Amino acid sequence: AFNGSTGSMTITGNVTGGSGGNAYGAVNNSTGSMTITGNVTGGSGSGSAYGAVNNSTGSVTITGSVTGGSGISAHGVRNNSTGSVTITGSVTGGSASDACGVRNNSTGSVTITGNVTGGGGYIAHGVVNNSTGSMTITGNVTGGTAAGVHGAYNTSQGILNIYGDVSGGPGTGLESWG
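Here is what the cut-offs are and how they apply
Residues numbered from 1 in each chain as written. Predicted model: local features only at pLDDT ≥ 70, side-chain atom pairs only at ≥ 80, totals over all residues. Heavy atoms only, no water. Helix = DSSP H or I, 4+ residues; strand = E, 2+ residues; numbered from the N terminus. Rg over C-alpha atoms; globule rule 2.2 N^0.38 Å. Buried < 20%, exposed > 50% of the residue type's maximum accessible area, 1.4 Å probe, protein only. Contact = heavy atoms within 4.5 Å. Areas by Shrake-Rupley, 256 points an atom, 1.4 Å probe, with all protein chains shown as cover. Core = buried A, V, L, I, M, F, W, Y, C linked by side-chain atoms within 4.5 Å. Phe/Tyr/Trp six-rings, centres within 6.5 Å; stacked < 30°, edge-to-face > 60°. Salt bridge = Lys/Arg side-chain N within 4 Å of Asp/Glu carboxyl O. Pairing = 2+ DSSP bridges. Axes fitted to C-alpha atoms, helices over the stretch in contact; angles between N-to-C directions.

Q: Can you help me understand the overall build of the chain in this one?
A: Helix and strand counts for the chain come out as zero helices and 22 strands. The globule rule puts the C-alpha radius of gyration for 178 residues at 16 Å, and the 14 Å found for the chain is close to it. Along the first, second and third principal axes, the C-alpha set of the chain runs to 40 × 30 × 20 Å. Per-residue burial for the chain yields a buried fraction of 51% across its 178 residues. The contacts of the chain with a sequence gap of at least 6 include a subset with a gap of at least 24, amounting to 72%. Of the accessible surface of the chain, which amounts to about 6,600 Å², a share of 48% is contributed by carbon and sulfur atoms.

Pasting the structure below:
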């Protein structure tokens, strides 16, 4: 599902990305809003097949589970702008390396009510905050299955609130920089 307009998009049903490169499940590239009631899954193509991504000042709201695809960096949820992402349901990173459960790369906000788990590969952390934006997780956060994977990883001066248990994969649980 792709929203590239200032309007709103509402979907009731499951959303799955395709098989090409960067086959996102749901992507918002505008100031509009995207609301999905159903499960969202990234695609099976190579590249960053995120489950859901917000690239603008708009909002993405999902009620259902969100899972990254099988490509590298296939995060479950990624926020790249000042907009907001709200998920009510579990979030899981994809199966390849750098497939974090949730990654916030901007000043926007990410709010998740549900458990968050990193993916299956190298540096597939549960939650990563790379900017000054805020992240609030109400649920348990677990790093992926590779060695050295963190449950929660704050690399900037953003706010990371987790109301639940945090555990790493075979590595550590929580690390903060900045």
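Q: Looking at this model, I keep getting lost on the nonpolar core. Mind explaining?
A: Nonpolar side chains in soluble globular proteins generally cluster together in the buried interior. Of all hydrophobic cores here, the largest spans 23 residues; its most connected members are Ile-62, Val-66, Ile-87, Val-91, Val-102, Ile-112 and Val-116. Within the residue set of this core, elements represented by two or more residues are strand S5 (33–37), strand S8 (59–63), strand S11 (84–88), strand S14 (109–113) and strand S17 (134–138). Apart from residues no more than four positions distant in its own chain, Val-66 is found in contact with Val-40, Gly-51, Ala-52, Gly-76, Val-77, Ile-87, Ser-90, Val-91 and Thr-92.

Q: What should I look at first to understand the packing of aromatic side chains in this one?
A: What characterises a pair of aromatic rings is the spacing of the ring centres plus the angle enclosed by the ring planes. In this structure the tally under the stated criterion is one aromatic pair. On the numbers, 4.9 Å between centres and 10° between planes, the contact of Tyr-24 with Tyr-50 is stacked. Here Tyr-24 is found in the loop between strand S3 (15–16) and strand S4 (26–28), whereas its partner Tyr-50 is found in the loop between strand S6 (40–41) and strand S7 (52–54), with 26 residues between them in sequence. Of the residues examined, Tyr-24 reaches a relative accessible area of 26% and is grouped as partly exposed. Of the residues examined, Tyr-50 reaches a relative accessible area of 6% and is grouped as buried.

Q: Looking at this structure, how should I read the pattern of salt bridges?
A: Pairing is possible between side chains that carry opposite charge, provided their charged atoms lie close to one another. By the definition in use, this model includes one salt bridge. For Arg-103, the salt bridge is made with Asp-98, and the minimal N-O distance between the two is 2.7 Å. The same class applies to Arg-103 as to Asp-98, namely buried.

Q: Sorry if this is basic, but what is going on with the sheet that holds strand S20 (residues 159–163) here?
A: Hydrogen bonds between backbone atoms are what pair the strands of a sheet, whose relative direction is either parallel or antiparallel. Pairing in this open sheet of seven strands is parallel, and the strands run S2-S5-S8-S11-S14-S17-S20 from one edge to the other. A single partner strand is all that each edge strand has here, and the edge strands are strand S2 (8–12) and S20. Each strand axis lies, on average, 5° off the axis of its neighbour in the sheet, ignoring direction. In this structure, S2 lies alongside S5, joined through five bridges in parallel fashion. Looking at S5, one finds that Ser-8 is bridged to Ser-33.

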